[in-house]
Amino acid sequence: MPPIELYNEMYTGDRKVRSHYAAFADWLRETSPERIAQNRHAADLLFHRVGITFAVYGEASGTERLIPFDIVPHVIPGQDWDVLSRGLTQRVTALNRFLHDVYHGQEILRDGVIPYDQVTNNAQFRREMIGVDVPGGVYAHVAGVDIVKNADGQYYVLEDNLRTPSGVSYMLENRKMMMRLFPELFAQQTIRPVDHYPDLLLETLKEISALGTPDPTIVVLTPGHFNSAYFEHAFLAQQMGVELVEGQDLFVQNNTVFMRTTQGPQRVDVIYRRIDDDFLDPRAFRPDSMLGVPGLLDAYRAGRVTLANAIGTGVADDKSMYPFVPDMIRYYLHEEPILNNVPTYVLHKASDLEYVLENLAELVVKEAQGSGGYGMLVGPTATRDERERYRQRIIDAPERFIAQPTLRLSVVPTFCGTELAERHIDLRPYVLTGSHTRFVPGGLTRVALREGSLVVNSSQGGGVKDTWVVD
Amino acid sequence: MLSRVASNLYWMSRYVERAENTARVLDVTWRMSLLVKEPRLQDQEWYAPLSITGTLFPFAGRHNEVCAREVLHFMALDPENPSSIYACARQARENARAVRGSITSEMWEVLNSTWLELQQMDEDKMLMRGISSFFEWVKDRSHLFRGVTFGTMRRDDAYHFARLGTHLERADNTARILDVKYHVLLPSVKEVGGAVDYYQWSAVLRSVSAFEAYRKVYRDVVTPIKLAELLILRDDLPRSMHFCVKQAFDTLNYIKNDQSQETLRKAGLLLASLQYGKISDIFAAGLHEYLTGFLKSTLEVSNGVQKSFFAPMLQE
């Protein structure tokens with residue numbers, strides 16, 4: 001692989017500190033290695049004590065690990081963020097319009113912008129949702145849009161997460177940690193705050209109550225403490241001051257959802273659910289689900305309760321739908337997309353398939369339905385053997401895959417042992433949509449801790465950094 | 001609060017209390033068995049802990065003889081016996097784990113470390129450490145948990161449900177301890193106040209930490225009637241039936257909801273019988289019959305709690 005200049009977020013090509021990193025670079029230069037080591041150690045201890053852990057699938061049950069945290073922040077200039085936030089609003093608005101459309105008139109399909117079978121053959125398309133009106137026509141109330149910066153210095157959207165995107169608790173805890181460790185850096189410059197995210201989430205959830213009650217009862221629905229993101233579910237419920245419930249805590253009677261409390265059944269208006277569609281209602285979806293609430297779908301369809309996110313959002317964030325998002329923006333909003341899409345090859349197209357099989361060594365290939373960084377092929381870093389095995393999987397079922405050119409994700413200096421090294425990052429901002437769009441500036445920065453790795457998922461050896469939007 | 005959370009808190013406390021009481025019963029049995037010289041009679045003593053916990057049948061199904069070693073293992077460390085100290089500690093921790101957000105971290109740490117330490121325990125280590133010191137340890141962990149609960153937890157519904165579990169379990173346990181020993185408490189036609197009887201009675205008192213209280217209250221030798229009066233009717237002794245029912249009644253009054261009137265009424269009825277009861281009447285009607293009736297009433301209150309708080313139904 002030819003050495004291509006990577007985009008370093010902190011330094012320019014000739015090793016000058018970029019101006020938005022100036023304050024941190026000064027600190028780094030002036031601080032003794034002992035103090036830095038002390039700070040990193042303090043961060044580890046604090047995270048352990050607070051118990052911010054995640055469970056890892058595929059390891060012995062109940063394995064809890066600490067997510068590695070790096071003290072070098074990902075700093076974003078304020079003007080960059082302002083463009084990003086406009087682009088995110090545009091993108092999530094179009095995605096919500098698309099979801100409303102495919103479950104109602106399907107005009108975008110009838111106008112031939114997106115092929116019918118892309119939607120109707122999609123496993124994530126929920127026929128149960130056809131004709132169902134959801135409050136405000138909003139489906140994806142909480143969206144996590146993964147963004148990267150390429151070697152060309154441009155931002156690209158990697159994927160849209162419109163089902164139950166996680167990680168926001170790390171964003172909040174990372175910031176709390178940095179403010180404890182580097183109070184002086186927060187005093188010296190304006191770093192836009194993020195700690196009001198739970199308030200924005202609560203406001204959003206209140207707005208989408210089906211009945212427009214001024215003080216709706218809101219709950220967070222979790223699969224339970226064995227789930228990898230349980231810490232986050234408990235954290236968000238606690239921060240918003242609402243109940244954290246499991247499926248067994250809710251029941252449906254006369255199309256109304258109640259929670260079982262010691263003061264008797266209490267009506268529930270809005271459910272921020274962190275359970276996948278398939279497990280929500282054993283009567284409607286997977287009958288073996290122990291996590292769901294029998295009758296929930298009927299109550300939802302009758303407009304007696306609001307689910308955030310709505311059922312059936314997966315049809316819009318599927319990797320096979322991703323290439324069409326710029327077209328959605330043009331179609332619904334009559335605007336040009338502000339954020340770039342990564343050029344994507346859809347392998348059920350014969351010409352794309354041929355190209356991809358010939359250029360496997362340069363491409364990233366992903367399963368259209370996959371998530372968490374499992375089951376993807378990073379052509380340039382894979383061995384010949386791995387590529388050949390993957391080639392066979394593609395040939396067996398090309399429609400299950402998409403391919404993209406390998407992006408040269410930007411890097412941020414990151415502590416590896418006691419030394420700083422360049423590691424690839426991505427950024428997941430969280431976009432909230434109720435009666436309007438809300439954000440906190442920045443999002444969760446994930447970092448691939450293995451040298452050269454492009455996979456940032458925490459389940460695959462990724463770590464996290466605080467994200468600073470500075471003015 | 002959520003019914004599931006309330007239920008977890010209630011059972012967390014019940015299991016801690018149950019583990020402590022099992023330790024108390026085993027400890028007193030162990031001490032008493034040392035007084036009996038004849039081996040056959042020695043083993044007789046070991047029926048008591050099994051009858052108290054209602055585990056005679058499951059025990060008999062897996063063991064051939066009732067003897068110290070077998071019963072100790074079964075009641076203390078057997079994971080398969082749901083009443084064992086081991087199983088109670090596990091249940092207490094599991095219930096706490098499910099509601100970590102509703103208890104203080106100190107409470108969680110006590111239950112978690114108790115469980116971790118207990119997992120390292122086996123029969124040899126227990127015997128090496130000394131049987132009594134093992135039971136002391138169990139009691140200490142329970143004391144610590146109660147103290148931490150008292151000292152760190154906000155006085156909200158979560159606290160009340162945890163306390164309700166403690167007192168209902170303890171009322172039940174004290175009645176069971178008395179019931180198993182009722183035969184030694186009955187006025188005997190033979191010589192009364194023999195040495196063995198005295199040790200039996202004082203052992204019962206010690207098993208509920210009431211020996212000193214007895215001396216203070218009665219300033220007299222231990223007699224069965226006064227002993228029973230103390231453990232049943234005394235209103236200021238933390239392990240007496242009256243005291244526990246009073247606490248449970250007050251808690252129920254505090255957390256009451258639309259569906260709990262009947263449970264509150266039953267608890268109130270039981271409390272009134274203890275408030276205005278006379279020990280001579282109880283003995284006249286039969287101590288065993290009285291205790292059986294009491295256990296039935298506390299069970300009804302427990303079932304009422306289950307129904308009205310943990311499985312609320314919509315009233316049509």
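1. Overview of the overall build of chain B
What chain B contains, in helices and strands, is 18 helices and zero strands. Taking 316 residues into account, the globule formula puts the C-alpha radius of gyration at 20 Å, and chain B, at 20 Å, falls close to it. Reported as C-alpha extents along the three principal axes, the dimensions of chain B are approximately 60 × 50 × 40 Å. For chain B, with 316 residues in total, the buried portion stands at 45%. Across chain B, contacts joining residues at least 24 apart in sequence account for 69% of those joining residues at least 6 apart.

2. As for the confidence of the model for chain A
All names here are of chain A. In this model, chain A carries an average pLDDT of 89, and 94% of its residues clear a pLDDT of 70 or more. Confidence scores differ between elements of chain A, with strand β1 (residues 53–55) showing the lowest mean pLDDT of 53 and strand β20 (residues 430–433) the highest of 98. Counting contacts from residues 55–63, a segment whose pLDDT is below 50, to residues more than four positions away or on other chains yields eight contacts.

3. Things to note about the domain arrangement of chain B
Residue and element names in this part refer to chain B. The assigned domain composition of chain B is domain 1 (1–153) and domain 2 (155–316). Distance from the C-alpha centre of domain 1 to the C-alpha centre of domain 2: 20 Å. Of all elements in the fold, only α1 (3–35) and α3 (47–52) reach the threshold of two or more residues within the side of domain 1 that touches domain 2. Looking at the side of domain 1 that touches domain 2, the element that brings in the most residues is α1, giving 18 residues. Of the residues that constitute the side of domain 1 that touches domain 2, the class distribution is 13 nonpolar, seven polar and five charged.

4. Some points on α1(B)
Its 33 residues give α1(B) an end-to-end C-alpha distance of 48 Å, which sits within 8% of 48 Å, the value for a rise of 1.5 Å per residue. In terms of burial, α1(B) is largely enclosed, as 27 of its 33 residues are buried.

5. With respect to the sheet that holds strand β16 (residues 377–378) of chain A
Think of a sheet as strands paired side by side through backbone hydrogen bonds, with each pair either parallel or antiparallel. All names here are of chain A. Judged by pairing direction, the sheet is antiparallel, and its four strands sit side by side in the order β14-β17-β15-β16 without closing on themselves. Lying at the two open borders of the sheet, with one neighbouring strand each, are β14 (345–346) and β16. Pairing between strand β15 (residues 363–367) and strand β17 (residues 401–405): five bridges, direction antiparallel. The residue of β17 that forms the bridge with Val365 is Ala403.

6. Description of the confidence of the model for chain B
Of the residues in chain B, 93% have a pLDDT of 70 or more, and the chain-wide mean is 89. With pTM at 0.82, the complex prediction returns an ipTM value of 0.77.

7. As for unusual backbone geometry
A cis amide bond, omega -5°, links Ala308(A) with the succeeding residue Asn309(A). With respect to the element layout, Asn309(A) can be found in the loop between β12 (306–308) and α12 (314–317). One non-glycine residue, Arg15(A), adopts positive backbone phi at about 60°. Position of Arg15(A) among the secondary structure elements: in the segment before α1 (22–30). With a phi angle near 45°, Arg219(B) is a residue other than glycine that sits in the positive phi range. Along the polypeptide, Arg219(B) turns up in the loop between α13 (211–218) and α14 (224–233). With 7 C-beta atoms counted inside 10 Å, the residue Arg219(B) sits in the exposed group.

8. Here's the deal with helix α16 (residues 261–275) of chain B
Residue and element names in this part refer to chain B. Helix length check: α16, at 15 residues, gives a terminal C-alpha distance of 20 Å against a target of 21 Å (1.5 Å per residue), a fit within 8%. Listed in full, the buried residues belonging to α16 are Thr263, Ala267, Leu270 and Leu274. Taken around the axis of α16, the buried residues stretch over an arc of 60°, which confines them to a single face. Exposed residues pointing more than 90 degrees away from the buried face of α16 are listed as Gln261, Ala272 and Gln275. On its buried face, α16 is in contact with α14, α15 (241–255) and α18 (287–310).

9. Quick look at the nonpolar core
By size, the foremost hydrophobic cluster in this structure holds 198 residues, and its most contacted members are Leu95(A) and Ala248(B). Looking at this core, the element that brings in the most residues is α1(B), giving 14 residues. Core analysis: the second largest hydrophobic core is formed by twelve residues, Val346(A), Val356(A), Leu360(A) and Leu363(A) among them.

10. So, the packing of α1(B) against helix α9 (residues 131–152) of chain B
All names here are of chain B. For the pair α1 and α9, the least separation of the axes is 9 Å and the interaxial angle reads 155°. On the basis of their axis angle, the class for α1 and α9 is roughly antiparallel. The chirality of how α1 crosses α9 is left-handed. For the pair α1 and α9, the contacting residues are Val16, Ala19, Glu20, Ala23, Arg24, Leu26, Asp27 and Trp30 in the first and Ile131, Ser132, Phe135, Val138, Lys139, Ser142 and Phe145 in the second. Considering only residue class, the contact of α1 with α9 consists of nine nonpolar, two polar and four charged.

11. Details of the interface of chain A and chain B
Taken residue by residue, the interface counts 18 residues in chain A and 16 residues in chain B. At the level of elements, α9 (230–240), β7 (243–245), β9 (256–261) and β10 (264–267) of chain A are the ones that each hand at least two residues to the side of chain A that touches chain B. Tallied by class, residues from the side of chain A that touches chain B come to six nonpolar, eight polar and four charged.

12. Topic: the sheet that holds β7(A)
Residue and element names in this part refer to chain A. Spatial ordering of the open sheet is given by β7-β6-β11-β12, a layout of four strands whose pairing is parallel. Strands at the two margins of the open sheet, each flanked by one partner only, are β7 and β12. Pairs of neighbouring strands in the sheet enclose a mean axial angle of 30°, with direction left out of account. The pairing of strand β6 (residues 218–221) with β7 spans three bridges and is classified as parallel. The partner of Val220 across the bridge, within β7, is Leu244. This element, α9, spans β6 and β7 of the sheet and lies at about 150° to β7.

13. Concerning the domain arrangement of chain A
Residue and element names in this part refer to chain A. Per the domain assignment, the segments making up chain A are domain 1 (19–210 + 305–342 + 417–470) and domain 2 (344–406). A separation of 25 Å is found between the C-alpha centroids of domain 1 and domain 2. Contacts between the two partners involve 13 residues from domain 1 and, on the opposite side, eleven residues from domain 2. Of the residues in the side of domain 1 that touches domain 2, the class split is six nonpolar, five polar and two charged.

Definitions and limits used
- Residues numbered from 1 in each chain as written.
- Chains lettered and ligands numbered in written order.
- Predicted model: local features only at pLDDT ≥ 70, side-chain atom pairs only at ≥ 80, totals over all residues.
- Helix = DSSP H or I, 4+ residues; strand = E, 2+ residues; numbered from the N terminus.
- Rg over C-alpha atoms; globule rule 2.2 N^0.38 Å.
- Buried ≥ 20, exposed ≤ 12 C-beta atoms within 10 Å, placed from the backbone.
- Contact = placed C-beta atoms within 7 Å.
- pLDDT = per-residue confidence, 0-100.
- Domains from an automatic or database assignment.
- Nonpolar A, V, L, I, M, F, W, Y, C, P; charged D, E, K, R; others polar.
- Expected span 1.5 Å × (residues − 1).
- Pairing = 2+ DSSP bridges.
- Arc of directions from axis to C-beta.
- Core = buried A, V, L, I, M, F, W, Y, C linked by C-beta atoms within 7 Å.
- Axes fitted to C-alpha atoms, helices over the stretch in contact; angles between N-to-C directions.
- Parallel < 35°, antiparallel > 145°, perpendicular 65-115°, else oblique.
- Left-handed = near helix turned anticlockwise from the far one by under 90°.

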